[in-house]
Structure formats: structure tokens, C-alpha cells
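The chain contents come next:
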Amino acid sequence: MNPVLNIDGLSVSLPRGGRGNTAVLDALSLTINAGEMLGLVGESGSGKTIAALSVMRLLPKNAKITGDIWLGEDNLARLDEPAMRRVRGSKVGMVFQNPLAALNPSRTVASQIGEAWRVHQGGSARAARARALELLGEVGIPEPAKRLDDYPHQFSGGMRQRVMIAMALACSPKLLIADEPTTGLDPLIARQIMALIARLRRELDMAVLFVTHDLSVIEEHADSVHVLYAGRSVEWGGSAAFFAHPKHPYSEALLGAVPRIGQARLQNIPGNLPEPESRPPGCRFAPRCGYHQPNCDAAYPPAIASGGTAAACLYPLPASQRITYAEPLTKPARRNFAPQLEVRDLAVRYAGQGSWFGAAAKLPPSLAEASFALGRGECLGVVGESGSGKSTLGRAVLQMIPYEGSVMLDGEDFTGLKGAARREKRRRIQVVFQDPRESMNPRIKIGDIIAEPLRLAGAPRSAERETVTKLLDRVGLNPEMAARLPGGVSGGQAQRIAIARALAAEPELIVLDEPTSSLDVSTQAMLLNLLKDLASQAGLSYILISHDFAVVSYMADRIAVLNAGRIVEMNDTAKLIEAPQHKYTAALIGAAPQLHRISR
Amino acid sequence: MSEQIAVAGAAGLPTARLAGFLGWVSKRSTLAAGLALTFIILFIGFIAPFLYPADPYAIHPAHALEAPSWAFPFGTDELGRDNLALVLSGGLATLIVALPAAVLAFFVGLAYGLLSGLAPAWADRLLMRLLDAILALPSLIILIFFASLVTLNNTSLILLLGFISWPGLARLVRNETLAQRGRDFVLAAEQLGGSRFYVARVHLLRAMAPVLVVNGTFMVGDSIFALSALSFLGLGVQPPQVSWGSLLESALDIIALDPWWLIVPPGLLVFGSLLAASLTGQGLLQRWGSGR
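Residues numbered from 1 in each chain as written. Chains lettered and ligands numbered in written order. Predicted model: local features only at pLDDT ≥ 70, side-chain atom pairs only at ≥ 80, totals over all residues.

### Notes on the overall build of chain A
Link 1 in the chain: Tallying secondary structure elements over chain A gives 21 helices and 22 strands in all.
Link 2 in the chain: With respect to the three principal axes, the spread of C-alpha positions in chain A is 75 × 65 × 50 Å.
Link 3 in the chain: In chain A, buried positions account for 47% of the 600 residues.
Link 4 in the chain: Intrachain contacts of chain A at a sequence separation of at least 6 include 69% that bridge at least 24 residues. (Helix = DSSP H or I, 4+ residues; strand = E, 2+ residues; numbered from the N terminus. Buried ≥ 20, exposed ≤ 12 C-beta atoms within 10 Å, placed from the backbone. Contact = placed C-beta atoms within 7 Å.)

### Details of the overall build of chain B
Link 1 in the chain: When helices and strands are counted, chain B shows 13 helices and zero strands.
Link 2 in the chain: Traced from its N-terminal end to its C-terminal end, chain B shows the element sequence α-α-α-α-α-α-α-α-α-α-α-α-α.
Link 3 in the chain: The buried share of chain B, reckoned over its 292 residues, is 39%.
Link 4 in the chain: By sequence separation, contacts in chain B at least 24 residues apart represent 68% of the contacts at least 6 residues apart.

### Let's talk about the interface of chain B and chain A
Link 1 in the chain: Taken together, the contact between chain B and chain A spans 15 residues of the former and 22 residues of the latter.
Link 2 in the chain: When residues of the side of chain B that touches chain A are traced back to their parent elements, those giving at least two are helix 9 (184–191) and helix 10 (196–207) of chain B.
Link 3 in the chain: Looking at the side of chain B that touches chain A residue by residue, the classes come out as seven nonpolar, five polar and three charged. (Nonpolar A, V, L, I, M, F, W, Y, C, P; charged D, E, K, R; others polar.)

### Remarks on the confidence of the model for chain B
Should the pLDDT be low somewhere, the predicted coordinates at that spot are not to be read in detail.
Residues and elements named next belong to chain B.
Link 1 in the chain: Of all residues in chain B, 89% have pLDDT values of 70 or greater, and the mean over the chain is 82.
Link 2 in the chain: When pLDDT is averaged over each element of chain B, helix 9 comes out on top at 92 and helix 1 (residues 2–11) at the bottom at 35.
Link 3 in the chain: The low-confidence segment residues 1–12 (pLDDT under 50) makes 15 contacts with residues lying over four places distant or belonging to another chain.
Link 4 in the chain: The ipTM assigned to the predicted complex is 0.79, against a pTM of 0.80. (pLDDT = per-residue confidence, 0-100.)

### Examining helix 10 of chain B
All names here are of chain B.
Link 1 in the chain: What helix 10 keeps buried is the set Val199, His203, Leu204 and Ala207. Down the axis of helix 10, the smallest arc covering the buried residues is 90°, so these residues share one side.
Link 2 in the chain: Buried residues belonging to helix 10 abut helix 8 (167–181) and helix 9. (Arc of directions from axis to C-beta.)

### Some thoughts on the pairing of strand 21 (residues 558–563) of chain A
Residues and elements named next belong to chain A.
Link 1 in the chain: In terms of burial, strand 21 is a largely internal element, six of the six residues being buried.
Link 2 in the chain: By the bridge criterion, four bridges tie strand 15 (residues 379–383) to strand 21 in an arrangement that is parallel. Residue pairing across strands places Val383 opposite Val561, the latter belonging to strand 21.
Link 3 in the chain: Between strand 21 and the antiparallel strand that follows it, strand 22 (residues 566–572), lie two residues; Ala564 among them carries a positive phi value of about 50°. (Pairing = 2+ DSSP bridges.)

### What about the packing of helix 5 (residues 121–136) of chain B against helix 8 of chain B?
Residues and elements named next belong to chain B.
Link 1 in the chain: Packing of helix 5 against helix 8 leaves a shortest axis separation of 10 Å and a crossing angle of 150°. In terms of axis orientation, helix 5 runs roughly antiparallel to helix 8. As for how helix 5 packs across helix 8, the hand of that crossing is left-handed. For the pair formed by helix 5 and helix 8, the contact residues are Met128, Leu131, Ile134 and Leu135 on the first element and Pro167, Ala170, Arg171 and Arg174 on the second.
Link 2 in the chain: Across the contact of helix 5 with helix 8, the residue classes break down as six nonpolar, no polar and two charged. (Axes fitted to C-alpha atoms, helices over the stretch in contact; angles between N-to-C directions. Parallel < 35°, antiparallel > 145°, perpendicular 65-115°, else oblique. Left-handed = near helix turned anticlockwise from the far one by under 90°.)

### Some thoughts on the sheet that holds strand 21 of chain A
Residues and elements named next belong to chain A.
Link 1 in the chain: Within the open sheet, the six strands sit side by side as 18-19-20-15-21-22. Their pairing is mixed. Strands with a single pairing partner mark the edges of an open sheet, and in this sheet they are strand 18 (429–432) and strand 22. Here the strands of the sheet are splayed against their neighbours by 20° on average, with no regard to which way each runs.
Link 2 in the chain: Where strand 15 lies against strand 20 (residues 541–546), five bridges are found, and the strand directions are parallel.

### Notes on the nonpolar core
Link 1 in the chain: Grouped together as the largest cluster of nonpolar side chains are 234 residues, with contacts concentrated most on Leu175(A), Leu209(A), Phe210(A), Ile450(A), Ile543(A) and Leu544(A).
Link 2 in the chain: The greatest single-element share of this core, amounting to 17 residues, is contributed by helix 4 (residues 83–118) of chain B.
Link 3 in the chain: No fewer than three residues from each of domain 1 (102–172) and domain 2 (436–506) of chain A sit in this core.
Link 4 in the chain: Among residues more than four places away in sequence, those in contact with Phe210(A) are Met37(A), Leu38(A), Gly39(A), Leu40(A), Ala178(A), Ile218(A) and Ala222(A). (Core = buried A, V, L, I, M, F, W, Y, C linked by C-beta atoms within 7 Å. Domains from an automatic or database assignment.)

### Let's talk about the domain arrangement of chain A
Link 1 in the chain: Under the domain assignment, chain A is made up of domain 1 (102–172) and domain 2 (436–506).
Link 2 in the chain: On a C-alpha basis, the centres of domain 1 of chain A and domain 2 of chain A stand 48 Å from each other.

### Here we look at the confidence of the model for chain A
Link 1 in the chain: Residue-level pLDDT values for chain A average 86, and 93% of them are 70 or greater.
Link 2 in the chain: Within the model, pLDDT remains below 50 along residues 324–329 of chain A, and this stretch shows 10 contacts once partners closer than five positions in the same chain are excluded.

### Remarks on the environment of Leu5(A)
Residues and elements named next belong to chain A.
Link 1 in the chain: Looking at the secondary structure, you find Leu5 in strand 1 (residues 3–15).
Link 2 in the chain: For the pair Leu5 and Leu100, spaced 95 residues apart in sequence, the C-alpha separation works out to 28 Å.
Link 3 in the chain: In this structure, Leu5 is in contact with Thr31, Ile32, Val55, Leu71, Leu175, Ala207 and Leu209, ignoring residues within four places of it in sequence.

### Focus on unusual backbone geometry
Most peptide bonds take the trans form, and the phi angle of most residues other than glycine is negative.
Residue and element names in this part refer to chain A.
Link 1 in the chain: A positive phi angle, close to 50°, is found at Asp345, a residue other than glycine.
Link 2 in the chain: Mapped onto the secondary structure, Asp345 falls in strand 13 (residues 339–348).
Link 3 in the chain: Phi at Glu506 is positive, roughly 50°, even though this residue is not glycine.
Link 4 in the chain: Relative to the helices and strands, Glu506 resides in the loop between helix 16 (491–504) and strand 19 (509–513).
Link 5 in the chain: On the neighbour-count criterion, Glu506 (14 C-beta atoms within 10 Å) is partly exposed.

### Examining the sheet that holds strand 3 (residues 37–41) of chain A
All names here are of chain A.
Link 1 in the chain: Ordered in space as 6-7-8-3-9-10-12-11, the eight strands form an open sheet in which the pairing is mixed. Either end of the sheet is taken by a strand with one partner, and the two such strands are strand 6 (92–95) and strand 11 (304–306). Across the sheet, the mean angle from the axis of one strand to that of its neighbour is 15°, orientation sign disregarded.

### A closer look at the environment of Ala494(A)
Residues and elements named next belong to chain A.
Link 1 in the chain: Among the secondary structure elements, Ala494 is positioned in helix 16.
Link 2 in the chain: Here the alpha-carbon distance between Ala494 and Gln537, two residues 43 residues apart in the chain, equals 22 Å.
Link 3 in the chain: Residues within four places of Ala494 in sequence aside, it is in contact with Pro436, Arg437, Met440, Pro486 and Val489.

### Description of the environment of Ile577(A)
Residue and element names in this part refer to chain A.
Link 1 in the chain: In this structure, Ile577 sits in helix 19 (residues 573–578).
Link 2 in the chain: Judged by local crowding, Ile577 falls into the buried class, with 22 C-beta atoms found within 10 Å.
Link 3 in the chain: The spacing of Ile577 and Ser553 is 24 residues in sequence and 8.5 Å in space, taken between C-alpha atoms.

Laid out in C-alpha cells, this is it:
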């Protein structure tokens with residue numbers, strides 16, 4: 001064993017809200033050996049990114065660090081700034097989540113990749129360029145010699161992430177820190193990036209600290225796993241042992257919240273993450289834990305190790321208690337929906353940039369020949385990668401953009417409708433967007449946001465308060481929230497507010513455009529379950545648009561697969577998974593987390 | 001920001017509200033300075049003329065061109081008029097034209113910008129090119145041109161100044177409208193059946209409130225400056241009524257006699273008004289800059 005990084009008792013506190021420092025990470029200890037990948041897993045607010053930034057010492061100036069971070073002979077927690085600068089980019093490389101933000105848009109990739117190498121190793125511009133070429137080849141950019149002088153915007157999302165990785169590798173670091181490098185990428189691309197990092201770590205005998213909120217991402221490649229909750233380690237150890245038998249209730253809940261193909265019900269984690277100021281003195285997960293006992297609240301539980309993993313829990317789950325949500329792959333197809341929405345030959349072309357007098361150049365269609373019908377109470381899933389036209393499809397159904405072809409709701413075509421009649425009909429199709437904060441006017445109170453549809457429909461003001469209270473309750477929010485502005489709410493809460501607003505319009509159909517892709521897995525599980533429950537109560541139909549096949553398969557009765565603006569395959573969910581006809585569908589299914597992988 | 005307001009509001013009592021407000025302001029010294037200066041200027045313009053009862057047009061030939069004294073705190077002009085009374089009267093005359101003109105320009109600019117931003121692309125282009133044409137001409141030149149055509153009184157001056165200083169805001173509002181109307185919450189409101197007018201009124205105006213308030217404040221300063229410049233050129237407030245600009249102009253005629261007491265007060269007040277508007281605007285900008 002050859003430890004590259006050894007973190008011992010690392011605690012970090014940050015100033016929050018002008019009331020002195022608050023601990024955000026407590027007593028973190030972990031070790032990564034050369035050639036190994038450790039998955040540091042946690043949801044937002046767990047402290048995982050703080051841990052990664054501490055290693056690079058990229059925390060805000062007023063952050064307080066205690067404990068040791070050993071990288072070989074150097075204690076990174078104690079190094080002075082000049083020495084730290086020699087470590088960054090040379091002994092430790094870092095890959096961030098958003099490569100477009102992390103790359104300089106005005107410089108070529110060759111100069112950016114060569115930069116770290118020249119700063120640390122000196123050498124000529126020519127040598128740096130040669131190194132850049134070598135690295136681009138290593139990270140799998142096709143025809144690297146031709147791409148050296150390209151700018152970041154000329155690369156696709158996945159290729160940009162490869163360029164970022166090449167930059168991080170420029171000085172052959174001993175440790176690579178990857179902070180959510182695959183989040184936001186299409187699943188097929190994300191898998192390639194994951195495989196690339198796994199390959200590089202073996203070839204270069206490099207230690208990798210892989211930070212992620214999604215357990216399913218690291219399942220295949222990580223050698224060890226370290227789960228954080230509310231700033232403290234809850235479970236850690238070998239990856240195989242961990243996935244075969246998670247011992248901490250939070251690990252189990254987190255695993256159960258990841259949507260997998262063939263899953264009947266996602267596991268909710270009730271309650272909310274405690275704020276750093278009000279963390280419970282004992283086990284921090286105790287208030288949300290299904291196995292909670294009185295003595296859990298006394299002190300933070302000691303770690304109990306057995307069988308390759310250790311969990312900070314007084315009542316670790318026994319090995320016999322396997323993941324209990326595993327159910328047969330096929331789910332019974334629901335049938336006999338009354339017809340509701342019919343879409344025929346839908347096509348959308350975005351106009352190119354027009355000149356002053358000339359007509360705008362026609363671009364290739366973003367969506368072509370899309371035809372499908374949707375029954376009352378049915379959920380149609382639409383999957384595809386970015387640029388496949390899935391959001392365009394949703395927006396055309398919503399009548400937000402001009403389109404060719406016809407969209408009929410309850411047998412009546414939108415095309416002939418004008419003015420108030422059109423607005424009235426449009427109301428019956430509602431929408432929930434991806435970015436929950438963008439979908440609400442930040443200067444309008446939550447109660448007024450939800451009441452907006454009522455006011456627009458001319459409902460009497462007297463009943464408004466009651467309706468708002470009822471709706472907030474229905475989406476699982478405290479009715480007292482009505483008086484607040486949306487600024488301070490969490491992503492999950494914001495998305496619930498957006499759903500409440502959509503419901504207030506009493507729609508027949510809701511288009512859900514990536515409703516959970518900006519949320520943590522446990523929040524996503526709660527939201528998907530909420531949407532499922534609402535549909536069964538109200539006979540509501542959904543068009544669920546997502547790049548995540550597992551999410552779609554969990555929700556949808558039928559799935560349409562979009563590729564390059566066309567529906568390449570559409571079938572009942574179970575049939576589609578069992579026997580995909582199109583190779584693109586098969587690839588998507590292959591990339592999605594599946595139940596059999598963990599219940600092996 | 002909302003936190004502190006909410007705290008003060010929850011307390012409910014007027015004093016608590018005031019304390020909350022003062023605490024909120026003092027944390028933002030630029031805004032505090034701007035607001036304080038604004039109050040001083042408004043006081044000088046609208047209240048002080050009634051507290052200092054001397055007649056600005058009474059002539060005291062025996063005391064012509066005297067430096068400040070107990071009898072005439074700001075001295076007298078070459079005709080022997082009480083300069084303090086003139087400055088106060090000129091302040092009222094300046095503000096009574098400049099403020100309504102700024103308000104007029106504000107609403108014209110807002111309406112034009114919203115219209116252009118919400119109109120179909122071809123109409124938007126047309127309206128914007130028209131705006132370019134107006135902006136291409138120096139506003140002071142146009143102002144002088146029109147001022148020489150019409151009879152100058154308060155109403156015509158308000159209209160002139162108002163209709164000349166809106167294009168800047170119109171362009172800002174139009175760009176802001178385009179930026180905001182594609183945001184998800186605007187799309188959601190349209191999906192709920194909100195008409196274009198409703199969306200503009202409820203969502204766009206609120207979303208661009210910082211831009212409007214900040215630039216509206218700046219427009220007040222600009223308006224005072226433009227009127228003073230016009231008056232300085234003899235095209236503003238007409239004699240016998242004086243204004244800060246015309247006081248400066250008449251002092252300039254006898255500058256060889258070094259009448260510093262005739263130049264400093266109106267000059268400082270024009271400068272102070274601009275500073276008040278600018279500081280208030282800057283302060284609001286700091287407070288709202290990141291408030292998206």
C-alpha cells in the first residue's frame with residue numbers, strides 16, 4: 001500500500017451570516033493509495049466540496065482549518081502560500097463540474113494545457129505544445145494535432161471535460177481531484193468520462209478523489225467509498241463491500257433514492273438536512289432515520305468496522321437486510337387511457353440569424369415528424385441527449401414556440417384558436433421547468449406566486465388564501481411559507497412551489513422539463529414520488545422530459561426516445577427496456593443504473 | 001435586505017420601523033449620504049423659500065453687489081437684490097420644472113422601451129433605429145433648437161426637457177425586457193394565461209425594478225443639469241423669474257468684479273443636486289446589484 005493522500009481529523013469552519021464561524025466539516029479522515037479511486041459521496045450541504053477544496057487550500061481566506069492533510073511528506077493544512085502554489089497544478093490536479101466556466105474562452109486549449117506545465121516545469125513554448133498534444137491524445141480527443149489551436153467553445157461538453165482533465169494531468173500529478181466532473185453531461189458521455197478517469201488512474205498510477213452526489217456514478221469504478229452527511233462521515237470502506245451491504249441507514253436510504261431501471265418505488269428520506277448552525281449533538285441523521293433509538297441523540301456514534309467497511313452508527317443494518325426495494329424488472333402496463341392529447345407531424349425549425357432585409361436562413365429542423373397520442377392520466381417519458389429536440393417538443397406542445405403540424409387537446413386543434421380562447425386552452429397544459437429558482441419571480445411572495453393562476457382565472461379573492469394553503473399542503477410544504485419570498489427556499493422546495501402553481505391552474509397535462517435534474521438524489525426521489533401520487537389522485541397526465549433514462553422509466557407508462565430531432569423509438573416502458581429496437585435506445589439503457597447491479 | 005425589512009415590519013411600531021429603516025440605511029453609507037443630500041436639496045427647494053420671507057425681487061440700490069453680511073447672508077447682486085432670496089426662489093423654479101420633466105421622461109422612456117421589447121421583431125427594429133436617430137443628435141442642440149421655436153414657460157420647459165431625455169432609459173428598458181421575457185417565470189405566467197400586458201405589468205416591471213429606480217434617480221440629476229444649462233444659455237426659466245442656471249449666467253456677466261458669493265451658492269446647489277441623485281442611484285445599485 002502506498003498512500004498518496006492521507007487526511008486526518010480535518011475540520012473546517014466558515015463564517016456564515018456574520019455570526020462568526022460555523023463548522024461545516026468535522027473530523028474527516030480518509031486515505032487514498034496510488035492508483036486508487038475514492039468516491040466522496042454526499043448531498044448538497046454535506047461538506048464534500050469543502051473537503052475537496054481544503055486539499056487544494058482554495059477555501060475563502062477566513063476559513064479555519066484544523067487537522068492534517070498529508071500529501072506525501074507535505075502537510076497541506078500547514079504549508080505556506082508560496083509552497084502551496086507549487087503543489088497546485090503540479091502535485092495535485094483538479095477537474096471542476098462546469099468545464100465551460102473553468103476554461104478561459106479567449107485562449108486556445110493548447111496554451112491552457114501547456115500553461116500549468118510551463119509554470120511548474122519551465123521549458124519552451126514548443127515543449128509545452130508538444131506536451132499538450134500528448135495529453136490531448138491521452139484523454140481521447142480524436143485528431144489532437146488538429147484541435148490544439150481550437151478554443152473551448154469549439155468543443156462539445158464531453159470534449160471540454162476531456163480538455164479539463166488534460167489540463168489537470170499536465171504535470172503528472174500524484175493526486176487528481178474531480179468535483180462532480182460528470183454532473184450535467186449526457187449519460188452516455190458521463191460514462192465515457194468516468195471510464196477515462198478510471199483508465200488514467202491505472203495507467204498513471206494516480207490517486208483519484210472523486211466527489212459526487214450520485215452513488216450510482218461511482219459504483220463501477222471506485223475502489224473505496226466515503227459517505228458524508230451534514231459535515232460528518234457516516235460510512236466508509238471498500239466499494240464492493242459497501243455496495244453489497246450498506247450498513248448506515250443514510251447510505252441505505254441514499255442507495256434507495258437512486259432511480260434504477262425496473263424499480264417499483266423510490267425510497268424517500270423524510271425531513272430536511274439540518275442547517276450547519278443547528279446540527280443535532282448526536283447522530284446527525286437521527287431525526288430523519290427510520291431506525292432511530294433514544295440513545296442515538298446522546299453523542300456522535302463511534303465507528304464500528306466489520307467486513308471491509310465502517311459505519312458511524314449504533315445500530316448498523318445487518319447483512320441479511322439487503323436492499324429491499326428490488327422488485328421484478330417488468331411493471332404491469334397500465335391500459336385503456338381515454339384519449340387526451342394528439343400530436344401529428346410536429347416539426348420545429350428555429351430561424352437562423354436574419355439580416356436587415358433578407359429572410360432568415362433556415363436551419364435544419366430541431367424537431368421533425370413527431371407524432372404521438374397521450375391518454376388521460378398517462379405519463380409519457382421523453383428521453384434523449386442535449387440537442388435531441390426533447391425540450392423543443394415540450395415547448396411546442398405548450399404552445400410556447402411556433403411549430404408546424406398539429407397539437408390537439410381533447411380533440412380540438414390549437415391552430416385555429418386566437419386571443420382569450422387560445423389562452424384559456426393553453427392554461428390546461430402547464431409546465432414545470434428544470435431550474436426551480438428561475439421559474440419564480442424573486443420579488444413576488446410564494447403565496448402570490450401560487451395564487452397567480454387563480455387570479456388570472458378570475459377566481460374570487462376570498463377563497464384564495466384557503467386554496468393556496470390547500471395546495472401548499474398537497475405538495476408537502478408548510479402553509480406558513482406563503483408569506484415568504486422565494487429567495488431563501490431550497491431547490492426541492494422551490495420545485496414543489498412550481499408544482500403547486502401548476503396545479504392551481506387545474507391543468508389536464510403537465511409538461512415536466514427535466515424537473516429533477518438540478519436536485520440531489522434524495523430530493524429527487526421525494527419529488528418523483530410526489531408527482532406520482534398527484535397523478536394517481538387527480539387523473540393528471542404528464543410529459544416527462546429527461547436525459548436520465550432511469551428517472552423516465554420510473555415514472556413513465558410509455559417512453560419516446562428522441563435522437564437528432566426524431567422519435568426513433570416509442571413503446572411501453574417495460575417492452576422498451578426488455579427489447580429495445582434502436583441501438584441508441586439500447587445504449588441509453590446500458591448507461592442507466594439498474595437494479596441487478598447492486599443486488600448481484 | 002428583505003430580512004431586515006421583515007424584522008422592522010414584524011415589530012410593527014413606528015419607532016421600531018424607523019429604527020429598522022435607519023439601521024438599514026446606515027449600513028449602506030452611499031445610499032445614506034445620497035438620501036440625506038436629497039432631503040437637504042428638497043428642503044432648500046420647497047420649504048426654505050417660505051421660511052426666509054425676504055422678497056427676491058426687492059431692489060436695494062444702496063447695497064448693490066455687497067459681500068455676505070448679517071443683513072444679506074449670501075450678499076447682494078449688482079441690482080442690490082438679496083442673493084439668498086434669489087437662490088431659494090431659483091431653487092424652487094428649477095426643481096418645479098426639472099422634477100416633473102424627469103418624471104415625464106421616465107414614463108415616456110419606460111413605455112417606449114416596453115413597447116419595443118414586447119413588439120414583434122420588425123417593429124422592435126424600427127423603434128430602435130428611430131431611437132438611434134434621436135440619440136445621434138446631441139440633446140442639448142435639439143433642446144436649444146426647440147427652445148428657440150416655442151414660448152418658454154414652465155409647461156413648455158417641462159415638455160421640452162421631458163421629451164428630450166427619455167431615449168437612454170428607453171433603450172435600457174427595451175434590453176431588460178428582452179432579457180427578462182425569456183426567463184422561465186415569464187414563460188410560466190404566459191402559460192397560465194397571462195396576457196402580454198399582464199406579464200409586463202406584474203412580472204417585467206417587478207423584475208426590472210432595480211434598473212428603473214436607479215436610472216430614474218439618475219434622470220432627476222440629469223434633468224436639473226439640463227435645465228441649469230439651458231437657463232445658463234438664457235433659454236430656460238425666463239426673467240424676471242430666476243433659476244440656479246440663470247443666476248450663474250448673470251454672475252458671469254460681472255465676473256471681472258469677482259462676485260464669488262453670487263457664483264458659489266447656485267453652483268454648489270447644482271453640483272449638490274447631481275451628487276444627491278448620483279449617490280442615491282449608486283447606493284440603490286449597490287443594494288440591488290446582486291439582487292437578481
